[in-house]
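Here is how the chains run, residue by residue.
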Amino acid sequence: MPQWGMAVDLDRCTGCGGCVVACHAENNISTVGDEQAAVGRAKHWLRIERYWEGDFPDVRLKFRPVMCQQCDNAPCEPVCPTYASHHTDDGLNAQVYNRCIGTRYCANACPYNARFFDFFNPSWDKPLQLQLNPDVSLREVGVMEKCTFCVQRIRAAGTQAKAEERDVADGEIQPACVQSCGARALVFGDLENPSSEVSRLSRSPRGSKLLEDTGAQPSVTYLSRLTQV
Amino acid sequence: MTHPTGQQITRDLVRPLLLTTWRFYVMIALFGAFVVAGLVAWLSQVYFGFGLSGINWPVFWGFYITNFVFWIGISHAGTLISAILRLVNAGWRRPVTRCAEAITTFALLIGAMFPLIHIGRPWLAFWLIPYPSERLIWPNFRSPLVWDFFAINTYLTGSLLFLLLPMIPDFAVVRDSTTGIRQKIYRVLALGWRGTPKQWHRLESAMQIMAIAIIPVAVSVHTIVSFDFSMAPVPMWQTTIFGPYFVAGAIFSGIAGLIIAMAVLRRLLHLEDYLRPLHFENLGKLMLVMALLWGYFVFNERLVTYYGNGPHEMAVFWRTQRLSFAPLYWTMVVCNFVLPLILLGIRRFRTITGCVIASFGVVIGMWLERYLIIVPSLGAKYLPYSHGTYTPELVEVTITVATFAAMCLLYMLFAKVVPIISIWELKAGEHPSPALIPPATEKHQLGDLHL
Amino acid sequence: MKAVYGLYTDGASAQQAVNRLRAAGVVDADITIISGQPMEDQEFGHRDKATWMWWLACLGGLIGMSVGFGLAWITEMSWPMNVGGLPTFAWWPNLIIIFELTMLGSILATVATLVVSALLPGKGGALYDPAVTVEGKILVGVENPSDDAVPELERSLGAPAGALVKMQ
């Protein structure tokens, strides 16, 4: 059974935000409008965190794309009273929207604040409703949602490979963010397969996990930035 | 000062059930209007979407959970006063037990509503109940929210029965003192009570068993409420002290609620001869002990965090200690610690008025405490990019006010249909009959038992 | 129903009446005593004290404990779900469920025992006088006495000072 994971090369990330847009388009994430976004209700399953380091004029700008880290020891899972949040065999944190009653406990337990709540029913300005992805369900008001590693693509590739009686090849599955990253900063793949690109990068001496001391054992590895700009 | 006995007790305590003035209806209408406003607020939140509240990313819990913890805390009044004082057979408990048990039941009913108000899809709340559905999906027993469900239901069932059982003989008293439709209703409520020695023994055994059972349940309830926080890896939440800290705080605020309720009852129902300064003084002393205990827990919690000096914890620590939440934090310390210490620690101030003022302070302070546990931690959770804050919106404030009105409303209606002081327990406390007691000073009589 | 009974203002006279009824040959089971409060300081107040309630409460607790364990075990094992790496049946969290249901079981068993043993109408049980609650009297009486015994009973019940003997 593969264990899906991701590697994020911070040295390559330019902070362009292409992955954020691709994520919104792929996963039918409704935009909430500027007023709601201002009070902190934007639903960016994937966000680019910007940090400035140093004092002017020696300022360095750092970008860090943060999505659901698909933790092995996920704090969000056991707190859910209805199993809406649970672990799949291939190492994903599944979120079953139809099973969610909206206690928002998982969002509190998540150290990365990678979970989002639907404060209203989703809506799109015309004609944007025509671009919705038929592979992804819409979420009604009152449920939690989050990055799924584009589970619809993972399942589709798995089905295709099974039909052709072969294994899923490395790099065959690309979540929307990985596919759209012009700098190839994001790499997705099977961590169980030692020869996959993602497991090679995860073993890199530059690699570290985000907030490792919370004990959540995330599946995303960040490769630290070396280039001086 | 004389102590009412025998028939006087029955007359005084049944009177509020039979005589109703226009003031009662005005107050019912007033509180009822607030409750209706709260209901409208909640329904509009369900209809228009949860976004009407001030909840946002990353502060996903706000006023509703604060109120939940607050009301569940208030409900601990009945257990301490009633169950513990019953077990140690403290004579002065007798006029106080039913007031306290009623607070427990109503506060629990109100507190248990808050998870429903708080969740995103309240129409699916029944998924918390373990029932065999056609999809074979059961609740997750490893979730603290399911522990809550079980603990609160057990506590609510227990407290309701704990309140109802000693009411049965009093329903019989009302049945015998009234006529017409009232008598018919109370005849049903009295469940055929007569008062044979067997019935008295069974009732007292049942009350004893219930008292023993309900104390650990009450402790577990607020410990589990604290687990809602301490099970999540959030700065200043994940700490082992939360269990006892929450239980102590719950009893603390429960006593405060009880003192306020007793003072109001004493004034409105003219129970000056029953709820005496002695009761306020004794409850005031208990509250003083709880204030000290609360201060001790807060000191422990803060010192350990401060000494550990973890960056994420310290972000929350300074937020409450010095930064944006500091005004609320220090108000809380004054209300919960300084004020009770002065008003209850100095004997001259430990009057009814002093106790009531201190109680109002504690109720406010304990509400703030829960708010300050929830919001600053969620707003400063780890990654600085995701820090945020929270401002309550109209719908949350309305619902919060409405629940206080609901408490008053339920309590007033209760005092209108049930003798608010247990008649039979009061009478049982006067043995041997007052005629046989040798003359004694007022103080001596009060201290011994009598009431 | 026919009954002879006396109303007494204090426990001591009620006790006297009980003693005289016994002397007149009435067995304890036939003597009805009704009071507005528990009468712990008189001998008659200690009748019928023995009860299984404590044991039944323990039994109820055991049943509750088994239900709690069974519920958690069966539901979790029948559809194992992995959450946060916890065992499918995790003892520590499930102990909470088991504890709450244990307590609930014993509380419900206690109340059920009370209702069955003291509140459901049994044999006799019809003799009553509102004076018990309204005037704080203590009632001592005999239900369904044989006609020959009535004068003797009335004498016994009327003996203590302040007694008020009535027929029903």
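Predicted model, so just to flag it, every value in this text is computed and none were measured.

Draft legend 1. Quick look at the overall build of chain A. When helices and strands are counted, chain A shows 6 helices and 10 strands. In terms of overall dimensions, chain A is globule-like: its C-alpha atoms have a radius of gyration of 18 Å, near the 17 Å expected for 229 residues. For the C-alpha atoms alone, the extent of chain A along its principal axes is close to 55 × 45 × 35 Å. Every one of the 229 residues in chain A was classed for burial, and the buried ones make up 54%. Looking at chain A alone, contacts between residues at least 24 apart form 63% of all its contacts between residues at least 6 apart. With the model as given, the accessible surface of chain A reaches about 10400 Å², and the carbon-plus-sulfur share is 52%.

Draft legend 2. Focus on the interface of chain B and chain C. Chain B puts 55 residues into the contact, and the matching count from chain C is 59 residues. Taken together, both faces of the contact between chain B and chain C bury some 4900 Å²; the carbon and sulfur share is 68%. Where chain B touches chain C, the interface holds 2 salt bridges. Here E76(C) ties to R142(B) by a salt bridge, and the two come within 3.5 Å at their closest N and O atoms. For the side of chain B that touches chain C, the element with the most residues is helix α9 (residues 197–230) of chain B, which contributes 20 residues. Within the side of chain B that touches chain C, the residues separate by chemical class into 30 nonpolar, 15 polar and 10 charged.

Draft legend 3. Region of the structure containing the packing of aromatic side chains. Counted according to the given criterion, the structure contains 46 aromatic pairs over all chains. Consider the rings of F50(B) and Y64(B), whose centres lie 6.2 Å apart with planes at 75°: the pair is edge-to-face. Here F50(B), found in the loop between α2 (22–48) and α3 (63–74), pairs with Y64(B), found in helix α3; they are 14 residues apart in sequence, far enough to count as distant. Among the residues examined, F50(B) registers a relative accessible area of 3% and is labelled buried. Owing to a relative accessible area of 1%, Y64(B) belongs among the buried residues under this scheme. A centroid spacing of 5.6 Å and a plane angle of 55° characterise the contact between Y296(B) and F297(B), whose relative ring orientation is tilted. Since its relative accessible area comes to 11%, F297(B) is described here as buried. Each residue in the set Y105(A), W61(B), F229(B), W237(B), F242(B), Y245(B), F246(B), Y296(B) and F297(B) is aromatic and connected to the rest through ring pairs, giving one cluster. In this arrangement the basic side chain of R41(A) is found over the ring face of F119(A), its NZ or CZ atom lying 4.2 Å from the centre.

Draft legend 4. Spatial organisation of the environment of L186(A). Its place among the elements puts L186(A) in strand β8 (residues 186–190). The contact partners of L186(A), leaving out residues within four places of it in the chain, are M6(A), A7(A), V8(A), C19(A), M67(A), C177(A), V178(A) and C181(A).

Draft legend 5. Seen up close, the sheet that holds strand β2 (residues 31–34) of chain C. Residues and elements named next belong to chain C. Here 4 strands make up an open sheet; going across it, the order is β2-β3-β1-β4 and the pairing antiparallel. Strands at the two margins of the open sheet, each flanked by one partner only, are β2 and β4 (164–167). Within this sheet the neighbouring strands show an average axis-to-axis angle of 20°, counted without direction. This element, helix α1 (residues 11–23), spans β1 (3–8), β2 and β3 (138–143) of the sheet and lies at about 15° to β3. Strand contacts of helix α5 (residues 150–158): β1, β3 and β4, with the helix running at about 5° to β1, the strand carrying the most contacts.

Draft legend 6. Focus on the layout of surface pockets. Residues and elements named next belong to chain B. Its boundaries defined by the atoms lining it, the largest pocket holds a volume of some 1200 Å³. Breaking the lining of the largest pocket down by element, the ones donating at least two residues are α1 (6–18), α2, α3, α10 (242–268), α14 (352–379) and α15 (394–417). Counting residues per element, the lining of the largest pocket draws most heavily on α10, at 9 residues. Along the lines of polarity and charge, the residues of the lining of the largest pocket split into 27 nonpolar, 5 polar and 6 charged.

Draft legend 7. Layout of the sheet that holds strand β1 (residues 4–9) of chain A. Spatially, the 4 strands line up as an open sheet ordered β8-β1-β10-β9 (chain A), and their pairing is mixed. Of all the strands in the sheet, just β8 and β9 (207–208) of chain A have a single pairing partner and so form its edges.

Draft legend 8. Geometry of the interface of chain B and chain A. On the chain A side, the residues contacting the 47 residues of chain B number 47 residues. Together chain B and chain A conceal approximately 3800 Å² of surface at their shared face, both sides included; 58% is due to carbon and sulfur atoms. Where chain B touches chain A, the interface holds 1 salt bridge. E140(A) is the partner of R121(B) in a salt bridge, and the nearest nitrogen-oxygen pair spans 2.4 Å. Taken together, the connections running from chain B to chain A amount to 32 residue pairs in polar contact (both at pLDDT 80 or more). Among the secondary structure elements, those contributing two or more residues to the side of chain B that touches chain A are α6 (144–164) and α9 of chain B. Of the residues in the side of chain B that touches chain A, the class split is 31 nonpolar, 11 polar and 5 charged.

Draft legend 9. Representation of empty space enclosed by the protein. Residues and elements named next belong to chain B. Enumeration according to the criterion identifies 10 cavities of 30 Å³ or more in this entry. When its volume is computed, the largest cavity comes out at roughly 130 Å³. If you trace the largest cavity, you find 15 residues lining it, with M236, E301, R302, L372 and I373 closest to the centre. For the lining of the largest cavity, the secondary-structure elements that each account for two or more residues are α10, α11 (277–308), α12 (311–321), α13 (326–345) and α14. The biggest single contributor to the lining of the largest cavity is α14, with 4 residues. Here the lining of the largest cavity is composed, by residue class, of 10 nonpolar, 2 polar and 3 charged.

Draft legend 10. Expanded view of helix α7 (residues 167–177) of chain B. Counted residue by residue, α7(B) has 10 buried out of 11 residues, so it is predominantly covered. Taken together, the buried positions of α7(B) are occupied by M167(B), I168(B), P169(B), D170(B), F171(B), A172(B), V173(B), V174(B), R175(B) and D176(B).

What counts, and where the lines are drawn
- Residues numbered from 1 in each chain as written.
- Chains lettered and ligands numbered in written order.
- Predicted model: local features only at pLDDT ≥ 70, side-chain atom pairs only at ≥ 80, totals over all residues.
- Heavy atoms only, no water.
- Helix = DSSP H or I, 4+ residues; strand = E, 2+ residues; numbered from the N terminus.
- Rg over C-alpha atoms; globule rule 2.2 N^0.38 Å.
- Buried < 20%, exposed > 50% of the residue type's maximum accessible area, 1.4 Å probe, protein only.
- Contact = heavy atoms within 4.5 Å.
- Areas by Shrake-Rupley, 256 points an atom, 1.4 Å probe, with all protein chains shown as cover.
- Buried area = accessible area lost by both parts, 1.4 Å probe.
- Salt bridge = Lys/Arg side-chain N within 4 Å of Asp/Glu carboxyl O.
- Nonpolar A, V, L, I, M, F, W, Y, C, P; charged D, E, K, R; others polar.
- Phe/Tyr/Trp six-rings, centres within 6.5 Å; stacked < 30°, edge-to-face > 60°.
- Lys NZ or Arg CZ within 6 Å of the ring centre and 35° of its normal.
- Pairing = 2+ DSSP bridges.
- Axes fitted to C-alpha atoms, helices over the stretch in contact; angles between N-to-C directions.
- 1 Å grid on protein atoms, 1.4 Å probe; cavity = no way out; pocket = protein on both sides within 12 Å on 5 of 7 lines; lining within 4 Å.
- Points joined across faces, edges and corners; volume = space filled by probe spheres on them.
- Polar contact = N/O pair within 3.5 Å; in protein donor to acceptor, adjacent residues only side chain to side chain.

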